[in-house]
Amino acid sequence: MNTNTDGSSPSRVSTLAPKEGGGFPNPGLPPHSPRQADISEPAEKRAERLVAFLFLLSVAGTVVFIAAYFLVTPLDTNIFAEEGTPRALWWSNLVTGLGLAIAVFFIGAAAVHWAKTLMPDQEWVEERHDIRGSDETRKIAAEMITGGLAETGIGRRPVMVTAMVAALAALPIAVLAPLSTLGPLPGNKLHHTFWGHNPGQRLARDHDGTPIKLSDVAMNSIFHVMPEGLTHETPHHLEERAKAAAVIVRIDPRLGQNEESMSMGVQGVLAFSKICTHVGCPVALYEQQTHHMLCPCHQSTFDVTDGAKVIFGPAHRPLPQLPIEVDAEGYLVAPGDFTEPIGPSFWNIHKDK
Amino acid sequence: MTTTTPSSGKQSSDGDSRLLKLGAVGGDFLDQRLSGAGFVKFFARKVFPDHWSFMFGEMALYSFVILLISGTFLTMFFDPSMEEVVYNGPYTALQGATVSRAFESTMEIAFEVKGGLLFRQMHHWAALVFMVAIFVHMFRVFFTGAFRKPRELNWLIGFSLMVLGMVAGFSGYSLPDDVLSGNGLRVVDGLMKSIPIVGTYLSMLLFGGEFPGTDIIPRLFTIHILLVPAAILGLIAIHLVLVVVHKHTQYAGPGRTNRNVVGHPVLPVFGAKAGGFFFLVFGIITFISATTSINAMWIYGPYDPSPVSAGSQPDWYMLWTDGGLRLIPGWEFTIFGYVISLNMLIPMAIYGGLLAVLALWPFIESWVTGDEREHHLADKPYNAPVRTAFGVAWIVTYLILALAATNDLIAIALQLSINDLTWLFRIAFFVAPVLAFYITKRLCLSMQRHKRDLALHGRETSRIVRTGSGDMIEIHEPLSEYERWELVAHDDYRPLKAGKGVSSLRAKATSFFFKDRIEPVTPAELREALEHAGHEKHVVDEATGGDYRTPAEKAVH
């Protein structure tokens, strides 16, 4: 242990200020004052009875817990509510939980009360030892290491050591092989969606899969849409849904500020990707009055009258637009994919192979 | 080992001696096979100091044990599979919905397994308590300087435990495969993809293909129930062994020095209190779980990439990682056709920086002070104003980020514009920590001044005596020697001048740390103050005749 009064070692100057006049002497432990149970027999008996009572409370809790486990169940017997109802579940959780809570809490309460009132409360003093080994121990340790290393001949056999370093350096690279099989390479999977792979899809309502006619889309309304052909039977349908999710909104064409965007819609009906270009939450909120779309996760706000440009929040790229048309029967269809890759930006998003 | 033990006055009774005989038989068996006597001799009467602030580390340890117990129960029923099934359980609102097996089995645990909901809620509540306890424990260690030599490495182990706790929590609440957890994973996916060059590869490897895929839940399950708990358990073991090696820190007090430990032996007092505390923590977590619902994932429904609801927040300890994502403006630029997403890289760098400065603080501080002594006496936070101010500034930064992650809830609750609120948090992120630093530092210095006065002059009694000459003198009640010691025992640091082995950078750092300092009371000052007090007492006694009661008090007696 470094015992210099100012804490410095030969190599470092310490900021510790020396104590003027050597500081104060430590007055030592204050005199011990006894507790009630130390001096009064009735108090001691009282404490003993209380500890015993607390332990018995725990036993009662255990009984409640076990009984409730079989008599207050969510689906079968329930003495407080009709079986299988939400009330039954509520009662089951409450009564078993309270039973267990009482069973464990009062063991703790009893033990702590026992320790505080009946076990000796006079403090013990234990000396500390240096963390570092004694000089002698350190010397022996150093000799052991140097001796052991000398026996390996590590200093005298450079070729062997170099080869060992090479082996130990090469082996971790082997980890990359199994790691690489955890998943496929990205390729250009992130650049295309179900819309692009299956051109001419009708736009269908997300919740029931029915196709949407242009005439269904009222002014200022919003529809959450998926490609009509994307169903539960589609292979990898969740991954496809995660990319194909879109919304359509209908705005008064006179409000349009972006001609290119408006030209990709039909009579003010515009389709945009629903996946936020920030980190990929669904942009699920639409303000009818302002024609803003808001991502509930991080509040990126997109102006659909202006090509879903970002007007607030952490996203940078506009929501990619899905060009739409109307087919002969009046349904909305998408002739191709979004204008650019959907979802969060990534390194090579603009490099479609 | 020299241990001063108070002599026990109690005689052992018949009951005690029967116990002893039984123990001797078992003890002999164990000692011959495990060398148990040596361990008992080393450990049974080991002294641990006692203070309420030392409780939080224990609380973290115990809630981890509760996590293991309740988690084991859950693994008996949880099926980490993303295979799609049609839900047909008792929860009517979701009957007929297509859900994953992971979601369905979580529903079974909640609605059908006896005690399942209770254990599920205990597991989740214990995780929240675990992280609270870790943070409070960490800042207890920080503010009292208990991370100083020789405990720097144990600080790093504790830091790693805090990070692993976040990983455990996140991987855990992603398992039910509901809308909230799925969107949490989606954010992780988006963050990963933003990393230049390797981002999309990392995402594909983690999810086993495109998001969400069918691999992520089983993989997170293995991480959650095997890798992370094993790592936590191993680090806890090292953490505790090092506590024994170093012996616990203690607060300065009469009889307590840097070379001793004053407290209670493991057997019986410390053991009974610590063991009892485990049951108290267990009981309180169970009580909360019996009465308070948490993560009712049946309300959110099964994960589907399309829906999300407003008011989506992660568990509290992950909030801060979401806040930065909400505050950062939409900065992103393209160079040679490649995208650099600063709107994600900057928040990630800030999170990394905040964690790194915390992890490295013991080394930063020891570089500044150059103090290479062992420190076993815990500082009172106000005696280290710059460290304390830094800690508070760190916490404020953390809280601003965490609050920013609830900006939508705050906006609704307080009827504020979410945009204004976001701007407020953006400004607060830079301003509030600086203010917090300054205010905390000044408060610490004021407290030091106050304690200095207290040590010199004693307590003010609010009793004022008018002397014959018209002087007003307040009667001060002197401190006992023991009370005073706690106020004068601490070390004092001063800034260094550059030169003589002190670099100019270090000189500046020491100036930043110790420029404003309140020097502790010296013995000479105290002598002078006592002399003055003696003189004053003489004057007061003359005026009052040695009776300090007020006229009203005199009238009563």
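Q: Provide a residue-level description of the overall build of chain A, including the pertinent values.
A: What chain A contains, in helices and strands, is nine helices and twelve strands. In terms of overall dimensions, chain A is more spread out than a globule: its C-alpha atoms have a radius of gyration of 37 Å, far above the 20 Å expected for 353 residues. Referenced to the eigenvectors of the C-alpha coordinate spread, the extents of chain A come out at roughly 100 × 80 × 50 Å. In chain A, which comprises 353 residues, the share counted as buried stands at 37%. In chain A, the proportion of contacts linking residues at least 24 apart, taken out of those at least 6 apart, comes to 54%.

Q: Give a detailed account of the interface of chain A and chain B, specifying residues and quantitative values.
A: Contacts between chain A and chain B engage 93 residues on the former and 122 residues on the latter. For the side of chain A that touches chain B, the secondary structure elements donating two or more residues are α3 (86–117), β1 (124–127), α8 (237–244) and β9 (309–312) of chain A. Ranked by residue count, the leading element in the side of chain A that touches chain B is α3 of chain A, at 17 residues. Class assignment of the residues belonging to the side of chain A that touches chain B gives a composition of 53 nonpolar, 28 polar and twelve charged. Where β1 of chain A lies against strand β6 (residues 260–265) of chain B, four bridges are found, and the strand directions are antiparallel. Counted as the bridge partner of Trp124 of chain A is Gly263 of chain B from β6 of chain B.

Q: Help me get a handle on the nonpolar core, residues and values and all.
A: Grouped together as the largest cluster of nonpolar side chains are 183 residues, with contacts concentrated most on Leu203 and Ile248 of chain A together with Phe130 of chain B. Looking at this core, you find at least three residues from each of domain 1 (36–117) and domain 2 (189–334) of chain A. Ignoring anything within four residues of it in the chain, the contact list for Phe130 of chain B reads Ala60, Ser63, Phe64, Leu67 and Gly165 of chain B. Judged by nonpolar contacts, the second largest core, of five residues, contains Phe346, Trp347 and Ile349 of chain A together with Val339 of chain B.

Q: How would you summarise the pairing of strand β4 (residues 246–250) of chain A if you had to cite specific residues and measurements?
A: Residue and element names in this part refer to chain A. In terms of residue burial, β4 counts as a mostly covered element, since five of its five residues are buried. Of the strand pairs in this sheet, strand β3 (residues 222–227) and β4 are connected by four bridges, and their pairing is antiparallel. Its bridge partner lying in β4, His224 is registered against Val247. Where β4 and strand β5 (residues 269–273) come together, five bridges link them in antiparallel fashion. Pairing of Val249 across the sheet is with Leu270, part of β5.

Q: Tell me about the pairing of strand β10 (residues 459–466) of chain B, and name the residues and values.
A: Residue and element names in this part refer to chain B. Where burial is concerned, little of β10 is hidden: zero out of the eight residues are buried. The pairing of β10 with strand β11 (residues 472–477) spans five bridges and is antiparallel. The residue of β11 that forms the bridge with Arg466 is Met472. Taken together, β10 and the strand that follows it, β11, pair antiparallel across an intervening segment of five residues, in which Gly470 is found at a positive phi of about 95°.

Q: Requested: an account of the sheet that holds β4 of chain A, with residues and values cited.
A: On the basis of which strands lie adjacent, the open sheet formed by seven strands has the order β10-β5-β4-β3-β2-β12-β11 (chain A) and antiparallel pairing. This sheet does not close on itself; its edge strands, each paired only once, are β10 (321–322) and β11 (325–326) of chain A.

Q: I'd like a rundown of the packing of helix α16 (residues 418–457) of chain B against helix α17 (residues 481–488) of chain B, residues and numbers included.
A: In a pair of packed helices, the angle between the axes and the distance between the axes together describe the arrangement. Residues and elements named next belong to chain B. Closest axis-to-axis distance for the α16/α17 pair is 9 Å, and the angle between their directions is 145°. Note on packing geometry: the crossing formed by α16 with α17 is left-handed. Judged by residue contacts, Lys451, Leu454 and Ala455 of α16 engage Arg484, Leu487 and Val488 from α17. For the contact of α16 with α17, the per-class residue count stands at four nonpolar, no polar and two charged.

Q: Quick one: what's the story with helix α7 (residues 179–193) of chain B, residue by residue and with numbers?
A: In this model, α7 of chain B (15 residues) spans 21 Å end to end at C-alpha, consistent with the 21 Å of a helix rising 1.5 Å per residue. The buried fraction of α7 of chain B is high, at 15 of 15 residues.

Q: Please provide a residue-by-residue account of helix α12 (residues 316–327) of chain B, values included.
A: Residues that lie three or four places apart on an α-helix share one face, since the helix turns once every 3.6 residues. All names here are of chain B. Here α12 spans 17 Å end to end across twelve residues, near enough to the 16 Å set by a 1.5 Å rise per residue. α12 sits mainly inside the fold: nine of its twelve residues count as buried. Buried residues of α12: Tyr317, Trp320, Thr321, Asp322, Gly323, Gly324, Leu325, Arg326 and Leu327, and no others. At its buried positions, α12 is contacted by α5 (116–143), α6 (152–173), α13 (342–369), α14 (385–404), α15 (407–414) and α16.

Q: Quick one: what's the story with the confidence of the model for chain B, residue by residue and with numbers?
A: When pLDDT is averaged across chain B, the result is 92; 97% of the residues are at 70 or more. As a predicted assembly, this complex carries a pTM of 0.93 together with an ipTM value of 0.92.

Q: Explain the sheet that holds strand β8 (residues 301–303) of chain A residue by residue, including any values.
A: All names here are of chain A. The strand order across the open sheet built from four strands is β6-β7-β8-β9, with neighbouring strands paired in antiparallel fashion. The open sheet has two free edges, formed respectively by β6 (285–287) and β9, since each of these has just one partner strand. Within the sheet, the average angular offset between the axes of one strand and its neighbour, ignoring direction, is 35°. Sheet topology note: the β8/β9 ladder contains three bridges and is antiparallel. Following the sheet pairing, Thr301 is matched in β9 by Phe312.

Q: Give a description of the packing of α3 of chain A against helix α10 (residues 266–291) of chain B that names residues and reports values.
A: Viewed as axis vectors pointing N to C, α3 of chain A and α10 of chain B meet at an angle of 160°, and their least axial separation amounts to 7 Å. One way to sum up the angle between α3 of chain A and α10 of chain B is to call them roughly antiparallel. Considering the relative orientation of α3 of chain A and α10 of chain B, their crossing is left-handed. Looking at the contact of α3 of chain A with α10 of chain B residue by residue, the class counts come to 22 nonpolar, nine polar and one charged.

Q: Provide a residue-level description of the confidence of the model for chain A, including the pertinent values.
A: Detailed reading of the predicted coordinates is not advisable wherever pLDDT is low. Per-residue confidence for chain A averages 92 on the pLDDT scale, and 97% of its residues sit at or above 70. Low pLDDT (under 50) marks residues 1–6 of chain A, which in the prediction has ten contacts with non-local residues, meaning those over four places away or in another chain.

What counts as what
- Residues numbered from 1 in each chain as written.
- Chains lettered and ligands numbered in written order.
- Predicted model: local features only at pLDDT ≥ 70, side-chain atom pairs only at ≥ 80, totals over all residues.
- Helix = DSSP H or I, 4+ residues; strand = E, 2+ residues; numbered from the N terminus.
- Rg over C-alpha atoms; globule rule 2.2 N^0.38 Å.
- Buried ≥ 20, exposed ≤ 12 C-beta atoms within 10 Å, placed from the backbone.
- Contact = placed C-beta atoms within 7 Å.
- Nonpolar A, V, L, I, M, F, W, Y, C, P; charged D, E, K, R; others polar.
- Pairing = 2+ DSSP bridges.
- Core = buried A, V, L, I, M, F, W, Y, C linked by C-beta atoms within 7 Å.
- Domains from an automatic or database assignment.
- Axes fitted to C-alpha atoms, helices over the stretch in contact; angles between N-to-C directions.
- Left-handed = near helix turned anticlockwise from the far one by under 90°.
- Expected span 1.5 Å × (residues − 1).
- pLDDT = per-residue confidence, 0-100.
- Parallel < 35°, antiparallel > 145°, perpendicular 65-115°, else oblique.

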